[in-house]
Amino acid sequence: MMYPLSIFLNNFLLTFFLIGFVTLLPVTNTKPATFLEDFRITWSDSHIKQLDGGKGIQLLLDQNSGCGFASKKKYLFGLVSMKIKLIPGDSAGTVTAFYMNSDTDQVRDELDFEFLGNRTGQPYSVQTNVYAHGKGDREQRVNLWFDPSADFHRYSILWNHHHVVFSVDEVPIRVYKNNEHIGTPFPNSQPMGIYSTLWEADDWATRGGLEKIDWKEAPFYAYYKDFDIEGCTTPEPSACASNRANWWEGPSYQRLYAGAARRYRWVRMNHMVYDYCTDKRRNPVTPPECLINGI
């Protein structure tokens, strides 16, 4: 069948537009892995149970112990993500943590997700923090806009030479930029391992420690699946930076694209409940990185 030239051109232009549009979107890279491929149990193996042939795990907290696990390797830059279903019901005083850590004592680098348990019916908060060259105290806290105990949601950390981006279901909730040019330290030289723990922290976790764990609700369970680590295992940072095969260093990942930037502003305007940048009691002088606009 012969088509009129106008229809052919319209179809061609539409196809060209869609291909171009897709190439502008961030690439989703996933690497299916079982728990034991990339991780080891570090704390209380009796409280961690493998599920679905090792594709998922269950963490348990009771009055005897919490538990934790860590990656077998350390990574310098890249993307780490996993899907987590948090503790349902009354989880006040518990903390489910997912973080990266250089494990280097006073000069450690660390990138934290800390999910702070809540009283039944109250919002679930996630606290992020950044340690760079041993300096931390950069907490920000966001109330999640959904019930993270009802289903799995993806939590990810993108880390490259330009910034660190914490995301929830591909929605950025925090961007920590490389501002070394103004004297603010940035984690760019120490490889970090990936860790997760479920533990009791009712001295600070919920309403500053006012809400304590109700042990009648124990045991508490959190669930993990879809582990994904894509990072540079080369210890030399210049080699990581110069390797064009490392997609996380590409132009598309050096700043938020327009759609992600809009979602990021929405989270900050509607769901942020604490920011170290505006805490005048802790920081009478605003930290210099907080004065720089842009994402």
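- The name an unreviewed UniProt entry assigns to the protein is Xyloglucan endotransglucosylase/hydrolase, from the organism Deinandra increscens subsp. villosa.
- Regarding the protein, the relevant UniProt record gives this comment under Sequence similarities (unreviewed entry): "Belongs to the glycosyl hydrolase 16 family."
- The heading Function (unreviewed entry) in the UniProt record of the protein holds the text "Catalyzes xyloglucan endohydrolysis (XEH) and/or endotransglycosylation (XET). Cleaves and religates xyloglucan polymers, an essential constituent of the primary cell wall, and thereby participates in cell wall construction of growing tissues."

## A few points about unusual backbone geometry
Then comes step 1: Note the cis peptide between Ala 218 and Pro 219, where omega equals 0 degrees.
Then comes step 2: Phi at Asp 52 takes a positive value of approximately 50 degrees, unusual for a residue other than glycine.
Then comes step 3: Inspection of the secondary structure assignment puts Asp 52 in the loop between strand E2 (48-51) and strand E3 (56-61).
Then comes step 4: Unlike most non-glycine residues, Asp 137 shows phi in positive territory, near 60 degrees.
Then comes step 5: If you trace the backbone, Asp 137 turns up in the loop between strand E8 (125-131) and strand E9 (140-143).
Then comes step 6: The exposure class of Asp 137 is partly exposed, given its relative accessible area of 42%.

## Here's the deal with the pairing of strand E4 (residues 67-71)
Then comes step 1: Counting buried positions along E4 gives five out of five residues, so the element sits mostly inside the fold.
Then comes step 2: Of the two faces of E4, the one carrying Cys 67, Phe 69 and Ser 71 and the one carrying Gly 68 and Ala 70 are both buried.
Then comes step 3: Pairing between strand E1 (residues 39-43) and E4: four bridges, direction antiparallel. Following the sheet pairing, Arg 40 is matched in E4 by Ala 70.

## Concerning the sheet that holds strand E14 (residues 220-231)
Then comes step 1: With antiparallel pairing, seven strands are arranged side by side in an open sheet as E2-E3-E14-E5-E10-E11-E12. In this open sheet, the two edge strands, each paired with only one partner strand, are E2 and strand E12 (171-177). The average angle at which neighbouring strand axes cross in this sheet is 20 degrees, direction not considered.
Then comes step 2: Bridging between strand E10 (residues 153-159) and strand E11 (residues 163-168) involves five bridges; their strand directions are antiparallel. Looking across to E11, one finds that Leu 158 is bridged to Val 165.

## Looking at the packing of aromatic side chains
Then comes step 1: In this structure the tally under the stated criterion is 20 aromatic pairs.
Then comes step 2: Look at Tyr 99 and Tyr 195: their rings are 5.4 Å apart centre to centre, the planes differ by 15 degrees, and that puts the pair in the stacked class. You can see Tyr 99 sitting in strand E6 (residues 94-101) and its partner Tyr 195 sitting in strand E13 (residues 193-200), a full 96 residues away along the chain.
Then comes step 3: Here Tyr 99 falls in the buried class, since its relative accessible area comes to 17%.
Then comes step 4: Aromatic pair Trp 145 and Phe 146: ring centres 5.5 Å apart, planes at 90 degrees, arrangement edge-to-face.
Then comes step 5: A relative accessible area of 29% places Trp 145 in the partly exposed class.
Then comes step 6: In this structure, Arg 108 packs its charged tip against the face of Tyr 131, placed 3.9 Å from the ring centre.

## Some details on the sheet that holds strand E7 (residues 110-116)
Strands belonging to one sheet form pairs held by backbone hydrogen bonds; the direction of such a pair is parallel or antiparallel.
Then comes step 1: One open sheet holds the eight strands; their spatial order is E1-E4-E13-E6-E7-E8-E9-E15, and the pairing between them is antiparallel. The open sheet has two edge strands with one neighbour each: E1 and strand E15 (272-275). On average, each strand axis in the sheet is inclined to that of its neighbour by 15 degrees, with strand direction left out of account.
Then comes step 2: Where E9 meets E15, three bridges bridge the pair, whose relative direction is antiparallel. The residue bridging Arg 141 from the neighbouring strand is Tyr 274, located in E15.
Then comes step 3: Relative to the sheet, helix H4 (residues 258-270) contacts E9 and E15, its axis offset from that of E15 by approximately 85 degrees.

## Structural notes on the state of the cysteines
Then comes step 1: Scanning the entire structure with this criterion turns up two disulfides.
Then comes step 2: Through a disulfide, Cys 232 is tied to Cys 240; the S-S separation comes to 2.3 Å. Disulfide Cys 232-Cys 240: the torsion about the S-S bond is -85 degrees, which places it as left-handed. Exposure class is identical for Cys 232 and Cys 240. Each is buried.

Rules and cut-offs
- Throughout, a residue's number is its position along its own chain's written sequence, starting from 1.
- Totals for whole chains, interfaces and linings use all residues, but because this is a predicted model, local features are given only for residues with pLDDT of at least 70 and pairs of side-chain atoms are given and counted only at 80 or more.
- Just so you know, side-chain values use all the structure's heavy atoms and leave hydrogens and water out.
- UniProt positions are given in the numbering used here, feature names are shortened, and annotations may be inferred rather than shown by experiment.
- Comment: elements are numbered from the N terminus, with helices defined as DSSP H or I runs of at least four residues and strands as E runs of at least two.
- Residue burial is assigned from relative accessible area. The probe radius is 1.4 Å, only protein chains are included, and a residue is buried under 20% of its type maximum, exposed over 50%, and partly exposed in between.
- For two strands to be treated as a pair, DSSP must find no fewer than two bridges joining them.
- Here an axis means a line fitted to C-alpha atoms, over the contact stretch when the element is a helix, while the angle between two N-to-C directions is reported on a 0 to 180 degree scale.
- Note on ring pairs: Phe, Tyr and Trp rings are taken, using the six-membered ring of Trp, and paired if centres are within 6.5 Å. Classes follow the plane angle, with under 30 degrees stacked, over 60 edge-to-face and the rest tilted.
- Two conditions define a charge located above a ring, namely a distance within 6 Å from the ring centre to NZ of Lys or CZ of Arg, and an angle within 35 degrees of the ring normal.
- Between two residues, a contact is recorded if the distance between any of their heavy atoms is within 4.5 Å.
- When the sulfur atoms of two cysteines come within 2.5 Å, that pair is taken as a disulfide.

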